[in-house]
Structure formats: structure tokens, C-alpha cells
Amino acid sequence: IAAAAGVDPALVHHYFTTKEQLFQAAVAFPVDLPTALAGIAEGPVAELGDRLADTFLGAWEHPRTGPALEALLRSALTSQVVGRLVREFFTRHIVRSVGARLADVVPATELPVRAGFVASQLFGLAVVRYLLRFEPIASAPRDSVRRTVGPTLQSYLTGPVDDLPEAAPGPE
């Protein structure tokens, strides 16, 4: 990031002591992220997929975060470093928040594979709807997309999963 900006890496570290701080500054979330994640986790577990889809779509369709997320995802698809930052952010924030809510519902050993399926749905949706702009999904009403995607996310979160290999431990 420092090289791309043409500055000394120490300058980046001076202003951003953690990767999360740098990531959040780059994305410029218009809301307090912990509060937004708590909103996803609150409420009935049976509606977790719907709340996750709604929050995700809302972030992509916000006039400030949408363009930042688009640039970030494009970069993540072409840069291993940015891709790793996105994975770490997803694991640290989304998976932990939602995973804590699922503690009494699914075995903890299943969380990595469930998170992988959730990520595949969310990031696949972002690529199709916001980057490649496949029609009619690109112009479909947000609520229609939420109602369609939410149950799939819910299935990934709480439905049965086949015996899949356990993921390597993620970043802490």
C-alpha cells in the first residue's frame, strides 16, 4: 500500500497501527462497524441470513461505501495482499460476530466451512450484481435480492453441511 501511494511504509504504520484500521479507513464505512455487526447478530437466529444479506446489500448500495467496496473487491481479485486483507477482515469481524451467535446452534468445528459458503454467496453476489452487472440481478430491487439470497445464507449458517475437510486455522 505504501509503495502504491509512493510513501515510506513507516508513514502508513504511523497513521494505521493495525491492518483493520487501514482496511476500515480505505472502505470508509458510514456507520460504526461493531454496531452494524451487532445488529446482524441480534434477533432470532432463524433470520440471521436475512439480516446479513440486508446489511451487505446496504453497504454496497450506500453512496459512500459502494464505490469503496467496488474498488476494494476489484483490488482483492487481482492482488494477493488485498485479497488476504479482505479474508482476514471477513474472518475477524463477520465470522466472529455471526459465529458467536451460532455457538448454541451449530458445532464450532463447522464454522469455517459455513463461513466459506457464506463468503462465496456474498462475494459472488457482489461480483455479479455490482462489478459485472449481470441483468436482471443488477437492477433487481434490493429487497427482492435480499429475500432471495437471505434463505440461502440461512441455509449455509444453520442448515446441514456435508462432511468437508476442516479449514486451516484462520488469522487471529
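Residues numbered from 1 in each chain as written. Predicted model: local features only at pLDDT ≥ 70, side-chain atom pairs only at ≥ 80, totals over all residues. Heavy atoms only, no water.

(A) View of the packing of aromatic side chains. Per the counting criterion, the structure on display carries 5 aromatic pairs. Ring geometry for Phe56 and Trp60: centres 6.2 Å apart, planes at 50 degrees, overall tilted. With Phe56 and Trp60 both in helix α5 (residues 48–61) and 4 residues apart, the pair spans about one turn of that helix. Per residue, the accessibility class of Phe56 equals that of Trp60, and both read buried. Ring centres 4.9 Å apart and planes at 10 degrees place the aromatic pair Trp60 and Tyr130 in the stacked group. Taken as a pair, Trp60 in helix α5 and Tyr130 in helix α8 (residues 111–131) lie far apart in primary sequence, 70 residues in all. Judged on exposure class, the residue Trp60 and its partner Tyr130 are both buried. Taken together, the ring pairs in this structure connect Phe56, Trp60, Phe90, Phe123 and Tyr130 into an aromatic cluster. (Phe/Tyr/Trp six-rings, centres within 6.5 Å; stacked < 30°, edge-to-face > 60°. Helix = DSSP H or I, 4+ residues; strand = E, 2+ residues; numbered from the N terminus. Buried < 20%, exposed > 50% of the residue type's maximum accessible area, 1.4 Å probe, protein only.)

(B) Broad picture of empty space enclosed by the protein. Per the counting criterion, the structure on display carries 2 cavities of 30 Å³ or more. The volume enclosed by the largest cavity comes to roughly 100 Å³. If you trace the largest cavity, you find it lined by Leu52, Phe90, Ile94, Val95, Val98, Gly99, Leu102, Leu111, Arg114, Ala115, Val118 and Leu157. Those elements that place two or more of their residues in the lining of the largest cavity are α7 (80–101) and α8. In terms of residues, the lining of the largest cavity owes the most to one element, α7, which gives 5 residues. Looking at side-chain class alone, the lining of the largest cavity contains 10 nonpolar, 1 polar and 1 charged residues. (1 Å grid on protein atoms, 1.4 Å probe; cavity = no way out; pocket = protein on both sides within 12 Å on 5 of 7 lines; lining within 4 Å. Points joined across faces, edges and corners; volume = space filled by probe spheres on them. Nonpolar A, V, L, I, M, F, W, Y, C, P; charged D, E, K, R; others polar.)

(C) Representation of a nonpolar patch on the surface. A cluster of nonpolar side chains, Val7, Leu11 and Tyr15, forms an exposed patch at the surface whose accessible area comes to about 280 Å². Using a relative accessible area of 31% as the deciding quantity, one classes Val7 as partly exposed. (Patch = residues over 30% accessible without salt bridge, like charges linked within 9 Å, V, L, I, M, F, W, Y side chains within 5 Å. Areas by Shrake-Rupley, 256 points an atom, 1.4 Å probe, with all protein chains shown as cover. Salt bridge = Lys/Arg side-chain N within 4 Å of Asp/Glu carboxyl O.)

(D) Spotlight on the environment of Val86. Among the secondary structure elements, Val86 is positioned in helix α7. A residue is classified by how much of its surface remains accessible, and Val86, at 12% relative accessible area, is buried. Along the chain, Val86 and Ala76 lie 10 residues apart, while their C-alpha atoms are 7.0 Å from each other.

(E) Summary view of the side chain of Gln154. For Gln154, the location among the structural elements is in helix α9 (residues 142–158). If we ignore the near neighbours within four places in the chain, the residues touching Gln154 are Val45, Ala46, Glu47, Leu48, Gly49 and Gly159. (Contact = heavy atoms within 4.5 Å.)

(F) Highlighting the confidence of the model for the protein chain. Put simply, the protein chain has an average pLDDT of 85, and 84% of its residues get 70 or more. The secondary-structure element of the protein chain with the lowest mean pLDDT is helix α3 (residues 19–27), recorded at 65, while α9 shows the highest, at 97. (pLDDT = per-residue confidence, 0-100.)

(G) The arrangement of the packing of helix α6 (residues 65–78) against α8 in detail. Between α6 and α8, the least distance of the axes is 11 Å, while the angle of their chain directions is 115 degrees. Seen along the crossing, α6 lies across α8 with a hand that is left-handed. Packed against α6, whose contacting residues are Glu70, Leu73, Arg74 and Leu77, the element α8 presents Phe123, Ala126, Val127, Tyr130 and Leu131 at the interface. Looking at the contact of α6 with α8 residue by residue, the class counts come to 7 nonpolar, no polar and 2 charged. (Axes fitted to C-alpha atoms, helices over the stretch in contact; angles between N-to-C directions. Left-handed = near helix turned anticlockwise from the far one by under 90°.)

(H) Spotlight on α8. End to end, α8 covers 28 Å across 21 residues, agreeing with the expected 30 Å (1.5 Å per residue, within 8%). All of the buried residues in α8 are Val113, Arg114, Ala115, Val118, Ala119, Leu122, Leu125, Ala126, Arg129, Tyr130 and Leu131. Buried residues along α8 sit against α5, α6, α7 and α9. Of the residues one or two after α8, Arg133 is the one with positive phi, at around 55 degrees. (Expected span 1.5 Å × (residues − 1).)

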